[in-house]
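Analysis of the macromolecular model
Here are the chains, one letter per residue:
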Amino acid sequence: MEELALHILDIAENSIRAGAQTVEIEIVEDVQQDRLHITIRDNGKGMDKRTLRHALDPFFTTKVGKRVGLGLPLLAAAARQAGGDIAVRSKRGAGTEVEAVFQYSHADRQPLGNLGATLETLIIGNPDVDFRLLHRSPKGEKQLDTRDIRAALNGAPINSIEGIRRVKQSMEENGWL
Amino acid sequence: MAKLTISELQKLREKLAQERQTREGNARGQIIIHMGTCGIAAGARKVMTALLEAMDKQNVRDVIVNTSGCAGMCSKEPMATVQMAQQAPVKYISLNEEKIVRILNEHVLKGSVVKEYALAMGSERVG
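The paragraphs below set out a description of the structure included in this document. (Residues numbered from 1 in each chain as written. Chains lettered and ligands numbered in written order. Predicted model: local features only at pLDDT ≥ 70, side-chain atom pairs only at ≥ 80, totals over all residues. Heavy atoms only, no water.)

Before going further, it helps to examine the overall build of chain A. When helices and strands are counted, chain A shows six helices and six strands. Each helix (α) and strand (β) of chain A, taken in turn from the N terminus, gives the series α-β-β-α-α-β-β-α-β-β-α-α. Expected size for 177 residues packed as a compact globule is a radius of gyration near 16 Å; at 16 Å, chain A falls within 12% of this value. For chain A, the spread of C-alpha atoms along the three principal axes comes to 45 × 40 × 25 Å. Of all 177 residues assigned to chain A, the portion counted as buried reaches 53%. Surface summary for chain A: the accessible area is close to 8200 Å², and the carbon and sulfur share equals 47%. Here chain A carries 24 positive and 25 negative side-chain charges, and the mean point of each set is 6 Å from the other. (Helix = DSSP H or I, 4+ residues; strand = E, 2+ residues; numbered from the N terminus. Rg over C-alpha atoms; globule rule 2.2 N^0.38 Å. Buried < 20%, exposed > 50% of the residue type's maximum accessible area, 1.4 Å probe, protein only. Areas by Shrake-Rupley, 256 points an atom, 1.4 Å probe, with all protein chains shown as cover. Lys, Arg positive; Asp, Glu negative; His and termini not counted. Charge placed at Lys NZ, Arg CZ, Asp CG, Glu CD.)

A separate point is the interface of chain A and chain B. Often, the extent of an interface is quoted as the loss of accessible area on bringing the components together. Every contact between the two is made by 38 residues of chain A and, on the other side, 31 residues of chain B. Carbon and sulfur atoms make up 51% of the area that chain A and chain B hide from each other, which totals about 2900 Å². Taken together, the connections running from chain A to chain B amount to three salt bridges. A salt bridge links E162 of chain A to R61 of chain B; the shortest N-O distance between them is 2.3 Å. Only α1 (4-17), α3 (71-80), α4 (115-125) and α6 (161-173) of chain A provide two or more residues apiece to the side of chain A that touches chain B. For the side of chain A that touches chain B, the per-class residue count stands at 14 nonpolar, 11 polar and 13 charged. (Contact = heavy atoms within 4.5 Å. Buried area = accessible area lost by both parts, 1.4 Å probe. Salt bridge = Lys/Arg side-chain N within 4 Å of Asp/Glu carboxyl O. Nonpolar A, V, L, I, M, F, W, Y, C, P; charged D, E, K, R; others polar.)

Another point: α1 of chain A. One full turn of an α-helix is made of 3.6 residues, so residues set three or four places apart face in the same direction. Residue and element names in this part refer to chain A. The end-to-end C-alpha distance of α1 is 20 Å, a good match for the 20 Å that 14 residues give at a rise of 1.5 Å each. Counting buried positions along α1 gives 12 out of 14 residues, so the element sits mostly inside the fold. Regarding α1, the residues found buried are L4, A5, L6, H7, I8, L9, D10, I11, A12, E13, S15 and I16. Residue G19 follows α1 closely and has a positive phi angle near 80 degrees. (Expected span 1.5 Å × (residues − 1).)

So, about the environment of E173 of chain A. Along the chain, the position of E173 of chain A falls in helix α6. On a C-alpha basis, the gap between E173 of chain A and K142 of chain A in space is 10.0 Å, while along the polypeptide they are 31 residues apart.

Here the focus is the pairing of strand β4 (residues 96-103) of chain A. Every regular strand shows the same layout, with side chains that alternate between the two sheet faces. Residue and element names in this part refer to chain A. When you tally the buried positions in β4, you get seven out of eight residues, the bulk of the element. Where strand β3 (residues 85-90) and β4 come together, six bridges link them in antiparallel fashion. Its bridge partner lying in β4, S90 is registered against T96. Counted along the chain from β3 to the antiparallel partner β4, the turn is five residues long, and its residue G93 has a positive phi close to 85 degrees. (Pairing = 2+ DSSP bridges.)

With respect to the secondary-structure elements, T118 of chain A resides in helix α4. T118 of chain A gets classed as buried once you look at its relative accessible area, which sits at 0%. Each residue touching T118 of chain A, except ones within four places of it in the same chain, is listed here: A5, L6, I8 and L9 of chain A together with R45 of chain B.

With that settled, consider the packing of aromatic side chains. All chains considered together, the criterion is met by zero aromatic pairs over all chains. Over the ring of W176 of chain A we find K142 of chain A, and its NZ or CZ is 5.3 Å from the ring centre. The ring of Y117 of chain B has K99 of chain B lying over it, and the distance from NZ or CZ to the ring centre is 5.1 Å. (Phe/Tyr/Trp six-rings, centres within 6.5 Å; stacked < 30°, edge-to-face > 60°. Lys NZ or Arg CZ within 6 Å of the ring centre and 35° of its normal.)

All names here are of chain A. Structurally, F102 can be placed in strand β4. Along the sequence, F102 and R35 sit 67 residues apart, while their C-alpha atoms lie 5.7 Å from each other. Setting aside its immediate chain neighbours within four residues, F102 contacts L4, D34, R35, L36, I38, L75, A78, A79, A82, G84 and R109.

Next up on the list: the nonpolar core. Formed by 74 residues in total, the largest nonpolar core has its most connected members in V23, I25 and F102 of chain A together with I33 and M55 of chain B. Apart from the residues lying within four places of it in its own chain, the contact partners of I25 of chain A are I8, A12, T39, I40, L119, L122, R132, L133 and L134 of chain A. (Core = buried A, V, L, I, M, F, W, Y, C linked by side-chain atoms within 4.5 Å.)

Pasting the structure below:
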């Protein structure tokens, strides 16, 4: 993964596989404190204690027939190589929160990359899931809530052409594209 | 049983509308882009973006796009599954932006499978 937006896509996909109905993504560029925070929070099924303990182990997975699970370990490596760290908070039945912190100015911090493409992929690819997004940076604050898009669609699927266009339009209006 | 909220009802309605569309043949078919860690690292998001752009440009009205997880063949990513109404699904492997647009134009819109990019046919049930 060469950009943080791809990690965000990957971790949010985990949320969806965990049965989340709502996924919240927060990106905060705190230049004054020289910190970049990325938080992905879901209301999926959460992890039991053993899974949580092994969540950052690349050779641990809960998937049957697989021997590796690289999503969280890759994000952890990206954070640690940039003077930061990762925290995973989860409880069975109570969802999961993944928070990665980076030193903003670190030479090895990956760029945020194409957040617009990540959000578009998540929203259209998972029409049954609600996404709430927030990006705060020195340039200002951007938000998006897919419940607004859904309401404007009048029942047309979010992954049909009407939905795709509406998503793009909302993202443009809110400054994501 | 817990009460359904309005937004849950709305989601249910959307999901059923989509299933009905596919079943009744209103939707010509469905394209699923595999978005596991392996797929994402191999460029699945670029494939998705290219597909959405092509659908928008060509005003493809009756095709539905979804993402799913790893299909179990990480070395063949990016992958997509094309599922046309009343037909067996086809899995496509080692995709890029050009290949997915060709699959949209030839398989999804004109009905002829792009054999050179396909892995296998009929390995999944018809949904």
